[in-house]
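Here is how the chains run, residue by residue.
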Amino acid sequence: MTDEATSAPGRAAVQTPAPPDPEWYRSFFTGLAVEMWRQAVPDARIAAEVDLAADLLDLEEGDAVLDAPCGTGRHALDLAARGYAPTAVDLSEEALAEVRAAAADAGLAFEIRHLDLRALPFESVFPGAICLGNSFGYFPPDDCRAVLAGFGRALRPGGRLLLHSAMAADCLLPGLAPDAELRIGDVTVTVENRYRPLAGRLDTRYSLTRGQERMVREASHWIFTIAELRRMLAEVNLAVTALFADSEGGDFTLGESDEVYLVAEKIN
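What this report covers is the structure whose coordinates are included nearby. (Residues numbered from 1 in each chain as written. Predicted model: local features only at pLDDT ≥ 70, side-chain atom pairs only at ≥ 80, totals over all residues. Heavy atoms only, no water.)

Helix and strand counts for the chain stand at eight helices and 13 strands. The C-alpha atoms of the chain give 19 Å as radius of gyration, which agrees with the globular expectation for 268 residues (18 Å, within 12%). Taken over the C-alpha atoms alone, the chain extends approximately 65 × 50 × 35 Å along its principal axes. Classification of the 268 residues of the chain by burial places 49% in the buried group. (Helix = DSSP H or I, 4+ residues; strand = E, 2+ residues; numbered from the N terminus. Rg over C-alpha atoms; globule rule 2.2 N^0.38 Å. Buried < 20%, exposed > 50% of the residue type's maximum accessible area, 1.4 Å probe, protein only.)

Quick look at the structure:
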């Protein structure tokens, strides 16, 4: 779980391995990985998160909402069904194809765009934005700051961002196991974690099986404390105004809360 170290008399050298694939997110979300994630997050949780977003972002009917990244679009679809106007953004063309198909099946019309989160093009458009599904931290720190800067630009003054993470250090590290095996719906997932403390990065190897199907994927997630997230948001004029442990709005408790929801407001 630690960075590799070698030592010689009178001195020590520490090596921090590079990520297995710095752009893992471009190919990760396909096939069994998408199905696993879909089964891991039930519809009831999606509805609860949209309830939370509507409340904390103070949304009114017809309000534009940025959903980035949107994945297969379940939050965006729920938002559109409730009368809001989401803009769903993702880097995965496969995921966006699912969003388009689901929106057409449901008779819903909203904007769906293929974009990199580090280059969001919006300027003071949205009264609210969401970044849910543990999807912050895919990039190195400077790129993560670029993502937050994009949200800051996209929001109107007084607009709010709801950001979710199960990878904040305060949530992840107290209970991080080096290996685990999970059953998520009909998918068996074997997880191998290697935390790199000098880099502030978690490298994970996922082995997924369902019947005769098998897929191996590697991912890297950059880890920040909640205080670091607050400071990064402040750098782009987003002030944290609330902190919750779950989609029901529970209090965050170190050592007990394994995820966090941050609300940040654009101050100018």
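With 14 residues, helix α3 (residues 43-56) extends 20 Å between its outermost C-alpha atoms, agreeing within 8% with the 20 Å of an ideal straight helix rising 1.5 Å per residue. In this fold, the buried residues of α3 make contact with α4 (74-81), β6 (126-131), β7 (155-165), β12 (238-244) and β13 (260-266). Positive backbone phi, approximately 55°, marks Asp58, located one or two places after α3. (Expected span 1.5 Å × (residues − 1). Contact = heavy atoms within 4.5 Å.)

On to the pattern of salt bridges. If you walk through the whole model with that rule in mind, you get 22 salt bridges. When the shortest N-O distance is used, the salt bridge between Asp203 and Arg196 registers 3.2 Å. The class for Asp203 is buried, based on a relative accessible area of 5%. Judged by relative accessible area, which is 11%, Arg196 ranks as buried. Residues joined by salt bridges that share partners form a network here, namely Glu23, Arg26, Asp116, Arg118 and Asp143. (Salt bridge = Lys/Arg side-chain N within 4 Å of Asp/Glu carboxyl O.)

To continue, consider the sheet that holds strand β11 (residues 213-222). Ordered by their spatial adjacency, four strands build an open sheet running β8-β9-β10-β11, and the pairing between neighbours is antiparallel. Because the sheet does not close on itself, it has two edges, and the strands there are β8 (179-184) and β11. Across the sheet, the mean angle separating the axes of adjacent strands is 20° when strand polarity is ignored. Contacting β8, β9 (187-196), β10 (201-210) and β11, helix α2 (residues 31-40) crosses the sheet at an angle of about 95° to β10. (Pairing = 2+ DSSP bridges. Axes fitted to C-alpha atoms, helices over the stretch in contact; angles between N-to-C directions.)

What follows is about unusual backbone geometry. The amide bond that connects Ala68 to the next residue, Pro69, takes the cis arrangement and shows omega of -10°. Turning to its location among the elements, Pro69 is positioned in the loop between β3 (64-67) and α4. In this model, Asp58 sits at a positive phi of 55°, which is unusual for a non-glycine residue. The residue Asp58 is located in the loop between α3 and β3 in this model. Judged by relative accessible area, Asp58 falls into the exposed class, the value being 51%. You will see that Asn134, though not glycine, has its phi angle at about 60°, which is positive. Locating Asn134 in the fold gives a position in the loop between β6 and α6 (141-154). Since its relative accessible area comes to 15%, Asn134 is described here as buried.

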